[in-house]
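Architecture at a glance
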Amino acid sequence: MTIQWFPGHMAKARREVSEKLKFVDIVFELIDARLPLSSRNPMLDQIVQQKPRLVLLNKADLADPAQTSLWINYFREQGHQVLALTAKEDKSVKQILPASKKVLAEKIARDKERGLKPRAIRAMVLGIPNVGKSTLLNHLAGKKVASTGNRPGVTKGQQWLRFGSQLELLDTPGILWPKFEDPAVGKKLALTGAIKDDLLHLDDLALYELEVFCRFYPEQLKARYKLTDDELFMELPELLMLISEKRGFKDDYERASEMLILELRQGKLGRYTLDRFEELSD
Ligand code: G4P
């Protein structure tokens, strides 16, 4: 089945995001650190335009740290301030305020020269579904959540959340859709849980997972499923059959596939990155 990319979705999301952009100083663009390209919306640059941006490679705790470092450099070279983030951890989230100040350093200095009273930085969180937007908002706002009420002009019902006295966040994040016309991108998004896996065959996903792990993380795969070196060189469908047998699923490859995908998502196969920096073709 081909997964569709609906232009209608995009147009609506774009309108909603553009409306919110007017009220903020900075955008926090959340990307999945395991998919630094596939989890971005390709129209994001067009939508965000010149609005200052902080790129956050979230779920860094699940990603391959060596790849994350390479991707951080990649985004820096593109002129972005970027942080590897674990939105679930307060310690990690605390880095966001100083990084935002860096992004806005010129504006802050200009305001100061003009004698303007310093005010809290206003931000919005933007990203595809499941990338961790709500988690980030909850951890940023934490117990200090204080809605400062509606501001004139802000979409009705729109509230601000406060992180200390220096940062205010729109309480509803901007949601963008990933583009998954490319089947490999679709598989990557489904494996990490960003899109529903009922759109793809489970065994296709599991075979893709095995392909990636045989190639980039063979030791992790061997350890988890007690495989020998030779077994790693089997044809992928045979390897799936073998793992299925080892786990007692006999020839129920659907169940074996489900188990492989679930264990990947639960982090039982260790850290991994599906978008490979070395495969970047720009
Ligand atoms: P969204 O608003 O962008 O749609 O995403 P949301 O915050 O709901 O996060 C989606 C899932 O990703 C949640 O897991 C959340 O806990 C997890 N998550 C978010 N940030 C991080 C992170 O930095 N590291 C890790 N390891 N996970 C993260 P879930 O299984 O759907 O929910 P739950 O079991 O945590 O309740």
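Data block above holds the structure.
All residue numbers refer to position in the chain's written sequence, counted from 1. Given that the model is predicted, a residue must reach a pLDDT of at least 70 before its local features are reported, and side-chain atom pairs must reach 80 or more before they are shown or counted; all residues, however, enter totals for whole chains, interfaces and linings. The side-chain quantities take in all heavy atoms of the structure and omit both hydrogens and water.

Attention now goes to helix α3 (residues 65-77). Elements are defined by DSSP. Helices are runs of H or I of four residues or more, strands are runs of E of two residues or more, and each kind is numbered from the N terminus. Working rule for helices: expected span equals 1.5 Å times residues minus one. Here α3 contains 13 residues, and its C-alpha end-to-end distance of 18 Å stays within 8% of the 18 Å for a straight helix at 1.5 Å per residue. The buried label goes to any residue with under 20% of its type's maximum accessible area, the exposed label to any with over 50%, and the partly exposed label to all in between, with areas taken from a 1.4 Å probe on protein chains only. Restricting attention to buried positions, one finds in α3 the residues Gln67, Thr68, Trp71, Ile72, Tyr74 and Phe75. Seen end-on, α3 carries its buried residues on one side only, within an arc spanning 160°. For α3, the exposed residues set more than 90 degrees away from the buried face come down to Ala66 and Glu77. When checking whether two residues touch, look at their non-hydrogen atoms; a contact exists if any pair is within 4.5 Å. At its buried positions, α3 is contacted by β1 (26-32), β2 (53-58) and β3 (81-84). Under the rule applied, a polar contact is a pair of N or O atoms within 3.5 Å (in protein, one hydrogen donor and one hydrogen acceptor; residues adjacent in sequence only if both atoms are side-chain atoms). Between a side-chain oxygen at the N-terminus of α3 and the backbone nitrogen of alanine 66 the separation is 3.0 Å; the capping residue is aspartate 64. Glycine 79, located one to two residues past α3, shows a positive phi value of around 90°. By definition, the arc is the one covered by directions from the helix axis to the C-beta atoms.

This part is about a negative patch on the surface. Like charges within 9 Å and nonpolar side chains (Val, Leu, Ile, Met, Phe, Trp, Tyr) within 5 Å are joined into patches, using only residues over 30% in relative accessible area that form no salt bridge. Here, Shrake-Rupley sampling with a 1.4 Å probe gives the accessible areas, and only protein chains in the shown set may cover a residue. Salt bridges are defined as contacts in which a side-chain nitrogen from Lys or Arg sits within 4 Å of a carboxyl oxygen from Asp or Glu. His residues and chain termini do not enter the charge count, which takes Lys and Arg as positive and Asp and Glu as negative. By convention, the charge on Lys lies at NZ, on Arg at CZ, on Asp at CG and on Glu at CD. Taken together, the side chains of Asp203, Asp204, Glu245, Asp251, Asp252, Glu254 and Glu258 define an acidic patch exposed on the protein surface. Structurally, aspartate 204 can be placed in helix α9 (residues 202-216).

In this structure, lysine 59 is a non-glycine residue whose phi angle is positive, near 60°. You can see lysine 59 is positioned in the loop between β2 and α3. The backbone of asparagine 130 sits at a positive phi, close to 75°, despite the residue not being glycine. Structurally, asparagine 130 can be placed in the loop between β4 (121-127) and α7 (133-141).

Here helix α11 (residues 236-246) has its buried residues at Leu239, Leu240, Leu242, Ile243 and Ser244. Of the surrounding elements, those touching the buried residues of α11 are α9, α10 (218-225) and α12 (253-265). Immediately downstream of α11, the backbone of glycine 248 shows phi near 80°, a positive value.

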